[in-house]
Amino acid sequence: MKPSPASPPPSGLEQVQREAFARHFMRMARIRIYMMPPSLFILLYFLVQEPAVWRKWLLGGLLGLFVVVEGIELHHYLRRTPHQKFSFTYVIGVGIPIHGGLLLVTGGLEGPLTPVLLMVSFFISLFTTTRGAWVLALLHVATLWGLAAVSFSGVVPDLLPQLYGGGARAGHNDALLLSHVTVLSVLVALSVGIGSIMRDVFQGMAKDALDARDETLRTHTEALNALTLFSGEIAHELKNPLASVKGLAAMVARDVEGKPAERLAVLRREVDRMQEILEGFLNFSRPLLPLNEQHTSLGWLCQQVVELHEGMAGDRGVSLRLFVEQHVAVWCDPRKVKQLLINLVQNALEAAPRGSTVELVILPTPEGGGRVEVRDQGPGIAPEVRERVFEPGVTTKPKGNGLGLALARSLARQHGGELELHPREGGGCVAELVLPAELPPRQERMEVVA
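All residue numbers refer to position in the chain's written sequence, counted from 1. Local features in this predicted model are restricted to residues whose pLDDT is 70 or higher, and side-chain atom pairs enter the listing and the counts only when it is 80 or higher, whereas totals over whole chains, interfaces and linings include all residues. Heavy atoms from the whole structure form the basis of all side-chain values; hydrogens and water molecules are not counted.

1. Describing the overall build of the protein
Part 1 of the argument: Of regular secondary structure, the protein possesses 13 helices and seven strands.
Part 2 of the argument: Classification of residues uses two cut-offs on accessible area relative to the type maximum, computed with a 1.4 Å probe and protein chains only: under 20% is buried, over 50% is exposed, and between them is partly exposed. Here the protein holds 450 residues, and the buried ones make up 38% of them.
Part 3 of the argument: Within the protein, contacts between residues at least 6 apart in sequence are counted, and of these 75% link residues at least 24 apart. Helix numbering and strand numbering both begin at the N terminus, where a helix is a DSSP run of H or I of at least 4 residues and a strand a DSSP run of E of at least 2. Between two residues, a contact is recorded if the distance between any of their heavy atoms is within 4.5 Å.

Laid out in structure tokens, this is it:
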């Protein structure tokens, strides 16, 4: 039986980790900056008070390197761009020599700075990989045993500063020194282990939280799709009874006059409005169905839409014109794209004032697809509402149901395209529909619509 493949990390996990690490790095950078003045004071004190020449030269070089490194850190902190990754080149080339040099200058293993390696090992293990943390921990342990070798051999006769009494070593108990370096090595390993465990715990918590988020989104998407399809079925089932009510009202209206006839006319108008709303719900559920795509001429589709609306345009005193600058053909579902264009043209005719012109302009796109612009000379759409009109239920019409543009954008995105509204120069609105030359894979289309 083959083992199941490891599940991929949830989407957004790396971004969450980067943002969390960035926040912690900012806090660490702030602490380092606050500690810079006392650290510089201690180093300068050693530099001035220590009589040993080798210690002055080594301490002066370390002091210069320390100022450069901390200056770079301060620069990044002020720009809010601290380093967020431990580079092996930086740590091995700069960090290890600085730490080892400071330990040597301040007395080796018997100096006051040996516990600093524990803190450094811990923080490195938090912000790097487990393998990298253990490699650097081994380097720290090697540094400790190198300092122990210096102490055992007595190669530096004045290893301890005058501040601590001077001399090669404070005592000559080799067993105690060996125990000291062994315990420090174990504590370095323990610091790395604790830091790695804490990092793994954080990553596990972040992964669990993002898994729960993704599962909630999946459940919500499935429920939304089911609700959309269910509402479409309800709307479809209600269309036939409404048609019967409308027909019966028309028959009854033939036999009545006066006030009853006026009331029946109101009833028929309300039935018409209910049918329009139900048709909108039906259309809104249809983008979830598969496309029946074919190679289609945009000019041919737009010509059909123009011919269909010539009567409506004439009744409103609006001219309707089609401009085809270049033959453009795309892969699409002609029925759905035609439905989309009908919605845009009807909106433009309703917004256009008497005596104006509504234009349909067909243009190619650089990627090989097509663009249709429906231009009107109406009052336009306010900037604060321009994007919200694509949300279901949001409309600028007194009797609109707010589903037309939401449906139109869903159809455009199902085809791998886009629908946007732009202000027209000189007044009015431009509805821009962009369709690609080829449809995206079916899975991507379903994800866009969902």
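2. Some points on a nonpolar patch on the surface
Part 1 of the argument: Taken together, the side chains of V183, L187, L190, I194 and M198 make up a nonpolar region of the molecular surface, amounting to roughly 420 Å² of accessible area.
Part 2 of the argument: On the secondary structure map, L190 appears in helix α6 (residues 174–253).
Part 3 of the argument: Residue L190 is classed as partly exposed on the basis of its relative accessible area, which comes to 47%. For patches, a residue must show more than 30% relative accessible area and have no salt bridge; joins then use 9 Å for like charges and 5 Å for nonpolar side chains, namely Val, Leu, Ile, Met, Phe, Trp and Tyr. Residue burial considers only the protein chains on display, and all accessible areas are found by Shrake-Rupley using a 1.4 Å probe. Any carboxyl oxygen of Asp or Glu within 4 Å of a side-chain nitrogen of Lys or Arg constitutes a salt bridge here.

3. Quick notes on helix α5 (residues 130–153)
Part 1 of the argument: The span expected for a helix works out to 1.5 Å for each residue beyond the first. The end-to-end C-alpha distance of α5, which contains 24 residues, comes to 35 Å, matching closely the 34 Å that a straight helix rising 1.5 Å per residue would cover.
Part 2 of the argument: Of the residues making up α5, those classed as buried are G132, A133, L136, A137, H140, V141, T143, L144, L147, A148, V150 and S151.
Part 3 of the argument: Phi turns positive one or two residues past the end of α5, at G154, with a value near 70°.

4. Some points on helix α10 (residues 334–351)
Because an α-helix packs 3.6 residues into every turn, residues spaced three or four apart end up facing the same way.
Part 1 of the argument: Between its first and last C-alpha, α10 extends 26 Å over 18 residues, near the 26 Å set by a 1.5 Å rise per residue.
Part 2 of the argument: Buried within α10 are the following residues: P334, K336, V337, Q339, L340, L341, I342, N343, L344, V345, A348 and L349.

5. A few points about the sheet that holds strand β4 (residues 357–364)
Part 1 of the argument: Any two strands with at least two DSSP bridges between them are considered paired. Taken together, five strands build an open sheet; the order of strands is β2-β4-β5-β7-β6 and the sheet is mixed. The open sheet has two edge strands with one neighbour each: β2 (319–324) and β6 (418–423). The average undirected angle you get between the axes of adjacent strands in this sheet is 15°.
Part 2 of the argument: Pairing of strand β5 (residues 370–376) with strand β7 (residues 429–435) involves seven bridges; the strand directions are antiparallel. When the sheet's bridge partners are listed, R375 is paired in β7 with V430.
Part 3 of the argument: Throughout, an axis means a line fitted to C-alpha atoms (over the contacting stretch in the case of helices), and angles, computed between N-to-C directions, take values from 0 to 180 degrees. Sheet strands touched by helix α12 (residues 404–414): β6 and β7. Its angle to β6, the strand with the most contacts, is close to 130°.

6. Things to note about the nonpolar core
Part 1 of the argument: Put simply, a nonpolar core is a bunch of buried Ala, Val, Leu, Ile, Met, Phe, Trp, Tyr and Cys residues held in one set by side-chain atoms that sit within 4.5 Å of each other. Membership of the largest hydrophobic core comes to 38 residues, with the highest contact counts inside it found for L341, V358, L360, V372, V374 and L433.
Part 2 of the argument: The set of elements that each furnish at least two residues to this core consists of α8 (298–308), β3 (329–332), α10, β4, β5, α12, β6 and β7.
Part 3 of the argument: With eight residues, the top contributor of residues to this core is α10.
Part 4 of the argument: Dropping the residues within four chain positions of it, V372 is found in contact with L298, C302, L341, V361, I362, A431, E432 and L433.
Part 5 of the argument: Formed by 15 residues, the second largest nonpolar core is a distinct cluster that contains L117, V141, L147 and V188.

7. Regarding the confidence of the model for the protein
Part 1 of the argument: Averaged over all residues, the pLDDT of the protein is 76; the fraction at 70 or higher stands at 75%.
Part 2 of the argument: When pLDDT is averaged over each element of the protein, β5 comes out on top at 92 and helix α13 (residues 442–449) at the bottom at 44.
Part 3 of the argument: Segment residues 1–7: pLDDT under 50, and one contact once partners within four positions in sequence are set aside and those in other chains are kept.
Part 4 of the argument: Below a pLDDT of 50 lies the segment residues 443–450, which in the model reaches twelve contacts outside its immediate sequence neighbourhood of four places, other chains included. Each residue carries a pLDDT score, the predictor's own confidence in it, on a scale running from 0 to 100.

8. Let's talk about the pairing of β5
Part 1 of the argument: β5 sits mainly inside the fold: five of its seven residues count as buried.
Part 2 of the argument: In this sheet, β5 lies alongside β4 in antiparallel orientation, the contact comprising six bridges. Among the inter-strand pairings, L360 is bridged to a residue of β5, identified as V374.
Part 3 of the argument: From the end of β4 to the start of β5, which pair antiparallel, there are five residues, and G368 there has a positive phi angle of about 100°.

9. What about the side chain of N343?
Part 1 of the argument: As for its position among the elements, N343 is in helix α10.
Part 2 of the argument: Excluding residues within four positions of it along the chain, N343 makes contact with G404 and L405.

10. With respect to the packing of α10 against α12
Part 1 of the argument: Interhelical geometry of α10 versus α12 gives an angle of 145° and a closest axis separation of 10 Å. Here the hand of the crossing between α10 and α12 comes out left-handed. Judged by residue contacts, K336, Q339, L340, N343, L344 and N347 of α10 engage G404, L405, L407, A408, L411, A412 and Q414 from α12.
Part 2 of the argument: Within the contact of α10 with α12, the residues separate by chemical class into seven nonpolar, five polar and one charged. Here a crossing is called left-handed whenever its near helix is offset anticlockwise from the far helix by less than a right angle, and right-handed whenever the offset is clockwise. Note on residue classes: Ala, Val, Leu, Ile, Met, Phe, Trp, Tyr, Cys and Pro are nonpolar, Asp, Glu, Lys and Arg are charged, and everything else, Gly too, is polar.

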